[in-house]
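Overview (structure and organization)
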Amino acid sequence: MNSEFTIAVHSLVYLAYKPERMASSEAIADNVATNPARIRKVMSCLRRGGYVDTREGAGGGYRLTLDPAVVTLADVYRLMAQGSVIPGWCSGNPEMDCVVGSNMREVMDGIFCKAEKQLEQYFGGITISDVLGQIHECEDC
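Cut-offs used in this document
- Residues numbered from 1 in each chain as written.
- Predicted model: local features only at pLDDT ≥ 70, side-chain atom pairs only at ≥ 80, totals over all residues.
- Heavy atoms only, no water.
- Helix = DSSP H or I, 4+ residues; strand = E, 2+ residues; numbered from the N terminus.
- Polar contact = N/O pair within 3.5 Å; in protein donor to acceptor, adjacent residues only side chain to side chain.
- Contact = heavy atoms within 4.5 Å.
- Buried < 20%, exposed > 50% of the residue type's maximum accessible area, 1.4 Å probe, protein only.
- Pairing = 2+ DSSP bridges.
- Axes fitted to C-alpha atoms, helices over the stretch in contact; angles between N-to-C directions.
- Salt bridge = Lys/Arg side-chain N within 4 Å of Asp/Glu carboxyl O.
- Arc of directions from axis to C-beta.
- Expected span 1.5 Å × (residues − 1).
- Bend = angle between axes of the 7 residues up to and from the residue.

**Description of the side chain of S102**
- Here S102 lies in helix α5 (residues 99-123).
- Of the polar contacts made by the side chain of S102, one reaches the side chain of N103; its length is 3.3 Å.
- Once residues lying within four places of it in the same chain are set aside, the contact partners of S102 are N93, P94 and M96.

**Overview of the side chain of S11**
- Relative to the helices and strands, S11 is located in helix α1 (residues 3-17).
- A residue is classified by how much of its surface remains accessible, and S11, at 0% relative accessible area, is buried.
- Contacts of S11, omitting those with residues within four sequence positions, involve I28, V32, I39 and M43.

**Observations regarding the sheet that holds strand β2 (residues 52-55)**
- On the basis of which strands lie adjacent, the open sheet formed by 3 strands has the order β1-β3-β2 and antiparallel pairing. In the strand order of this sheet, the two ends are held by β1 (22-23) and β2, each with one partner.
- For β2 and strand β3 (residues 61-64), the ladder comprises 4 bridges, and the chain directions are antiparallel. Paired with T54 across the two strands is Y62, which belongs to β3.
- Most of the contacts of α1 go to β3, to which it runs at about 80°, and overall it touches β1, β2 and β3.
- Sitting on the sheet, helix α3 (residues 36-48) is in contact with β2 and β3, with an inclination near 115° to β2.

**Points about the pattern of salt bridges**
- Under the counting rule described, the total for this entry stands at 6 salt bridges.
- One salt bridge in this structure joins K18 and E20, with 3.7 Å as the shortest N-O distance.
- Taking relative accessible area as the criterion, K18 reaches 22% and is therefore assigned partly exposed.
- With a closest N to O distance of 3.9 Å, R40 and E26 form a salt bridge. Of this pair, R40 sits in helix α3 while E26 is found in helix α2 (residues 25-32), placing the two residues 14 residues apart along the sequence.
- Overall, R40 belongs to the partly exposed group, its relative accessible area being 38%.
- A cluster of three or more residues bridged by salt bridges with shared partners is formed by D75, R78 and E120.

**Examining helix α4 (residues 73-80)**
- Among all positions of α4, only L73, A74, V76, Y77 and M80 are buried. Mapping the buried residues of α4 onto a view down its axis gives an arc of 160°, with all of them on the same face.

**Concerning α5**
- Compared with the 36 Å implied by 1.5 Å per residue over 25 residues, the 36 Å span of α5 between its first and last C-alpha is a close match.
- Of all bends in α5, the biggest is about 35°, found at R105.
- Of the surrounding elements, those touching the buried residues of α5 are α1 and α4.

Here's what the structure looks like:
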């Protein structure tokens, strides 16, 4: 899992929380606890995906364009982090003369692919509104 996914979810939830659903990269960065340049990079991906748009000038910033009750974490995951569960390197070598070493990569690839599909399925049941609702429940704690 990469941090851009977490930043994207946090940013979308923050925009859903704002009554006008708009905020500057500086305001989002302050809320996420990172720098505005990193926010702009993530928001650029979200803009290309159709989740936010931008308004220039005074009072401008990023604006949520989709209903937060419709956007799922699976949508955001596919945009920002799909494939991140699968490691870039796996042990073993298909050319080995050992049944374990020669098949480990293929078996582990299958395991990680299945895990990623289950993760996406789980994320598909959680919307940006759901995350915001859980945050509101934390306020009551």
